[in-house]
Amino acid sequence: MRSWITTVGPSPFALINTFWAAVERDKWVSERIFLIYNEQTQSLLPGISQALTRIVKENGSRAPEIRCKLINEDDLGN
């Protein structure tokens, strides 16, 4: 199963465009996507998830499984 793991930063298009390029240029379509976010980027998750799902579906695959993981930037050991 192909998986894409990425962090969510303050610019959602940095993440979306990188993912889109991997799909378009390399035909690398993910079945599972892991989004690692913090409290400041949590509000971006719905839009990012929607965009990534659309990219995958428009390239002939079914909607990917998307998992989100909250991290505390002050305690990266957990």
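Preceding block: the structure.
Residues numbered from 1 in each chain as written. Predicted model: local features only at pLDDT ≥ 70, side-chain atom pairs only at ≥ 80, totals over all residues. Heavy atoms only, no water.

A. Quick peek at the pairing of strand E2 (residues 32-37). Alternating residues of E2 divide into Ile33, Leu35 and Tyr37, all buried, and Arg32, Phe34 and Ile36, none buried. In the sheet, strand E1 (residues 3-7) pairs with E2 via 5 bridges, with the strands oriented parallel. Residue pairing across strands places Ser3 opposite Arg32, the latter belonging to E2. Where E2 meets strand E3 (residues 65-70), 6 bridges bridge the pair, whose relative direction is parallel. Bridge pairing links Arg32 to Glu65 in E3. After leaving E2, the chain enters helix H2 (residues 45-58) and then returns to the sheet as E3, a path that is right-handed. (Buried < 20%, exposed > 50% of the residue type's maximum accessible area, 1.4 Å probe, protein only. Helix = DSSP H or I, 4+ residues; strand = E, 2+ residues; numbered from the N terminus. Pairing = 2+ DSSP bridges. Right-handed = clockwise from strand over helix to strand, strands pointing away.)

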